[in-house]
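Read off the chains here:
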Amino acid sequence: NDIGLVVICDEAGELEGFNVMVGGGMGRTHNKENTFARAADHLGFVPKEDIFEVLKSILASQRDHGNRDVRANARMKYLVHTLGIDNFRSLVESYFGKPIQPWRETVEWKYNDWMGWWEQGDGKLFYGQHVDNGRVKDEGDFRLKTALRVLVDRYNLSMILSPTQSLIFRDVDPKDKEGIETVLREHGIKPVEEVDPLSRLSMACPALPLCGLAQTEAERIMPSYIERVRSVLDKMNIGEEEILMRMTGCPNGCARPYMAEIAFVGDGPKSYQLWLGGSPVLTRTAYPYMAKMNNDDLEVTLEPIFAMYIQQRQQFEAFGDFCHRVGADAIEQYSSSYTLGSVKA
């Protein structure tokens, strides 16, 4: 995000303030290296009573110093990148009128999509319903759209859209849990335990035919990509790996592909850039590995990378962390001499 706020509480659970992050953003343009995806930097800790003044100071810094000459570089991330986080912090402090405190150390980030059943903390439950690529529809025996209407009418449930294109039902009375599960099952909705982890972790933007910026497919083709990646993983005996994948039909990054362990970024009809090395907990950006991957070359492109992962990974190392550690050059060198079908776990 341009600005991100991380809630910091004291030992009693009372709000103390916020760790503030600045300068993130996903949008970029193919073949324009002055545009790029960027993860946000740590600005520092701000007590709760000062947060609105700091936010106004950040906005004033961007207002007065952001690039107004080149629209593609107008985002705050380019100002933070150009100045560096220390100089940007000093700039914000000049508006704020006092120093910003150092970043408060926090527990290590953990990814959680909150799917399935959870206690809400007030005696009620909430339920996360996975939705493939955010598409609510009735299609054959799969009738999610109708099921949602039944649940709202019958149980008066409130729904929240999740950051991963899924739905969360909140304020569920525990006595209604069984009935809700029955409605979902009767409408062909799988419980979260039966959803392929690759699907659960994946995201794709709508792309064609809905988006005028799309250069190729995303939402409509992502399910087949998941099936093809699943087939390769199973063939190589690493089907237990949970790899976070994202796909977009253009480089603007609406499905946040540049944070994923594997990303397919559309660059033409039936063609994608392949990005690798994002974090499984979404804390860093990936790097471009292949400028053009034809739709038909998915398996022969990914198999050598998975083979190298099998042979050279460290204990408990996630796929994205491995790709980040070894880098694009090493993967390309390994792949150039790899024989298809020669490596299995």
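Residues numbered from 1 in each chain as written. Predicted model: local features only at pLDDT ≥ 70, side-chain atom pairs only at ≥ 80, totals over all residues. Heavy atoms only, no water.

Participant: How should the sheet that holds strand S14 (residues 287-294) be read in this particular structure?
Facilitator: Strands in a sheet are paired, the pairing made by backbone hydrogen bonds, and the direction either parallel or antiparallel. Taken together, the five strands give an open sheet; going across it, the order is S10-S11-S12-S13-S14, and neighbouring strands pair in mixed fashion. Each end of this open sheet is capped by a strand with a single partner; those strands are strand S10 (203-204) and S14. With four bridges connecting them, strand S11 (residues 245-248) and strand S12 (residues 262-268) associate as parallel partners. Each bridged residue has a counterpart across the sheet, and for threonine 248 the counterpart in S12 is valine 265. The sheet contacts of helix H8 (residues 298-312) involve S12, strand S13 (271-276) and S14, and relative to S14 the element is tilted by about 150°. Of the strands in this sheet, S12, S13 and S14 touch helix H9 (residues 319-336), which is tilted by about 55° from S14. (Pairing = 2+ DSSP bridges. Helix = DSSP H or I, 4+ residues; strand = E, 2+ residues; numbered from the N terminus. Contact = heavy atoms within 4.5 Å. Axes fitted to C-alpha atoms, helices over the stretch in contact; angles between N-to-C directions.)

Participant: I tried to follow the pairing of strand S3 (residues 41-47) on my own but got confused; where do I start?
Facilitator: Most of S3 sits inside the fold, with five of its seven residues counted as buried. Summarising the sheet, strand S2 (residues 15-22) and S3 pair through six bridges and their orientation is antiparallel. Residue pairing for S3: phenylalanine 18 is matched across the bridge by valine 46. (Buried < 20%, exposed > 50% of the residue type's maximum accessible area, 1.4 Å probe, protein only.)

Participant: How should the nonpolar core be read in this particular structure?
Facilitator: Nonpolar side chains in soluble globular proteins tend to be buried together. Formed by 44 residues in total, the largest nonpolar core has its most connected members in Ile262, Phe264, Leu276 and Phe306. Among the elements of the structure, S10, helix H7 (222-235), S11, S12, S13, S14, H8 and H9 are those that each provide at least two residues to this core. For this core, the element with the highest residue contribution is H8, accounting for eight residues. Ranked by size, the runner-up nonpolar core spans 17 residues in total, among them Phe18, Val20, Val46 and Val92. (Core = buried A, V, L, I, M, F, W, Y, C linked by side-chain atoms within 4.5 Å.)

Participant: Just to check I follow, could you spell out the pattern of salt bridges for this structure?
Facilitator: Oppositely charged side chains can pair when the atoms bearing their charge come close. On inspection of all chains with the given rule, the structure shows 22 salt bridges. For arginine 63, the salt bridge goes to aspartate 64, with nearest N and O atoms at 2.8 Å. Looking at aspartate 64, the relative accessible area reads 41%, which means it is partly exposed. Residue aspartate 153 pairs with arginine 149 through a salt bridge whose shortest N-O separation is 2.9 Å. You can see aspartate 153 and its partner arginine 149 sitting in helix H4 (residues 144-155), four residues apart, about one turn around the helix. Both residues of the pair, aspartate 153 and arginine 149, count as exposed. A network of salt bridges, in which partner residues are shared, links Asp196, Arg230 and Asp234. (Salt bridge = Lys/Arg side-chain N within 4 Å of Asp/Glu carboxyl O.)

Participant: I would appreciate a short explanation of the packing of aromatic side chains in the present structure.
Facilitator: For any two aromatic rings, the description comes down to two numbers: the centre-to-centre distance and the angle of the planes. One pass over the full model with this rule turns up 13 aromatic pairs. Note on tyrosine 127 and phenylalanine 169: the rings are 6.5 Å apart at their centroids and 15° apart in plane angle, and the pair reads as stacked. Taken as a pair, tyrosine 127 in strand S5 (residues 125-129) and phenylalanine 169 in strand S9 (residues 167-172) lie far apart in primary sequence, 42 residues in all. Among the residues examined, phenylalanine 169 registers a relative accessible area of 0% and is labelled buried. Arranged with centres 6.1 Å apart and planes meeting at 25°, the rings of tyrosine 334 and tyrosine 338 form a pair that is stacked. There is no split in this pair, since tyrosine 334 and tyrosine 338 are both buried. Every member of this aromatic cluster is reached through a ring pair, and the members are Phe306, Tyr309, Phe319 and Phe322. The cationic tip of arginine 104 hangs over the ring face of phenylalanine 45; the distance from NZ or CZ to the ring centre is 3.9 Å. Here arginine 313 stacks its cationic end above the ring of tyrosine 309, 4.9 Å away from the centre of that ring. (Phe/Tyr/Trp six-rings, centres within 6.5 Å; stacked < 30°, edge-to-face > 60°. Lys NZ or Arg CZ within 6 Å of the ring centre and 35° of its normal.)

Participant: I tried to follow the state of the cysteines on my own but got confused; where do I start?
Facilitator: Should the sulfur atoms of two cysteines be covalently bonded, the bond is a disulfide. Counted by the stated rule, this structure contains zero disulfides. Here cysteine 250 stays unpaired: no disulfide links it, and the sulfur of cysteine 211, its closest cysteine neighbor, is 5.8 Å away. (Disulfide = S-S within 2.5 Å.)

Participant: Help me out: how do you make sense of the side chain of glutamine 62 in this one?
Facilitator: Of note, glutamine 62 is situated in helix H1 (residues 51-65). Among the residues examined, glutamine 62 registers a relative accessible area of 11% and is labelled buried. Setting aside residues no more than four positions away along its own chain, glutamine 62 makes contact with Arg68, Ala74, Arg75, Met76 and Leu79.

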